[in-house]
Amino acid sequence: MASRIRAPDAASLTMTHRQAAFVDWMVDVLVYIVVLNLFVEYAPEVIIESFSLSILTAILLKVMLGIIERFEHRVVGFFRAREGAIYRVLGPITVVVVLVAGKLLILEVVNWAFGDEVNLGHFFSVLVLIVAMI
């Protein structure tokens, strides 16, 4: 008689913080790879010379978006900690400036890292690309 192997109960499975972060990172990078390659196929201004470069571009985008997101949260925290009408007005304006500057920074870093082999298009194509990734 064949013995049956039982899968562990879901309640008995635990994941460390590092494992959860790794899974989150890998899922994001895989989604970015798919979205990048869909843009390469259907958006003529987005050019990536090889699949290997699309993987590296996805990793670079994940790192850059993480840095920009942390900076944005620090800016929001700074303005929320202050009281006054000027901070309520300057807060959203500053966040928009950080988001726009972040997209331009991503364009420059990708251009610096990969040169002519990767072209994400112009500002609006990068904006649409990042919104699609999110």
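It should be noted that the structure appears before, not after, this text.
Because the structure is predicted, anything quoted here is derived from the model rather than measured.

Visitor: I'm lost on the packing of helix H1 (residues 17–42) against helix H4 (residues 123–133) in this one. Help?
Guide: In a pair of packed helices, the angle between the axes and the distance between the axes together describe the arrangement. Viewed as axis vectors pointing N to C, H1 and H4 meet at an angle of 140 degrees, and their least axial separation amounts to 9 Å. As judged from the angle between their axes, H1 and H4 are oblique. The interaxial crossing formed by H1 with H4 has right-handed handedness. Residues Val31, Tyr32, Val35, Leu36 and Phe39 of H1 pack against Val128, Leu129, Ala132 and Met133 of H4. Across the contact of H1 with H4, the residue classes tally to nine nonpolar, no polar and no charged.

Visitor: When you look at the pattern of salt bridges in this model, what are you seeing that I'm missing?
Guide: Close approach of charged atoms allows side chains with opposite charge to pair. The final tally for this structure, using the stated rule, is one salt bridge. Note that Asp28 and Lys62 form a salt bridge whose closest N and O atoms lie 2.6 Å from each other. Of this pair, Asp28 sits in helix H1 while Lys62 is found in helix H2 (residues 51–80), placing the two residues 34 residues apart along the sequence.

Cut-offs and rules
Every residue gets a number counted from 1 within its own chain, in the order that chain's sequence is written. Under the rules for a predicted model, residues below a pLDDT of 70 receive no local features and side-chain atom pairs below 80 are neither given nor counted, while totals for whole chains, interfaces and linings still include all residues. Working from all heavy atoms in the structure, the side-chain values ignore hydrogens and water. To define axes, lines are fitted to C-alpha atoms, for helices over the stretch in contact only, and angles between the resulting N-to-C directions are given on a 0 to 180 degree scale. To qualify as a helix, a DSSP run of H or I must reach at least 4 residues; to qualify as a strand, a run of E must reach at least 2; elements of each kind are numbered from the N terminus. Orientation is classified from the angle alone, with under 35 degrees giving roughly parallel, over 145 giving roughly antiparallel, 65 to 115 giving roughly perpendicular, and any other angle giving oblique. For any helix crossing, the convention is left-handed if the near helix is rotated counterclockwise from the far helix by under a right angle, and right-handed if that rotation is clockwise. Throughout, a contact is declared for two residues whenever any of their heavy atoms are within 4.5 Å. Polar here means any residue outside two lists: the nonpolar Ala, Val, Leu, Ile, Met, Phe, Trp, Tyr, Cys and Pro, and the charged Asp, Glu, Lys and Arg; Gly therefore counts as polar. One side-chain nitrogen of Lys or Arg within 4 Å of one carboxyl oxygen of Asp or Glu is enough to make a salt bridge.

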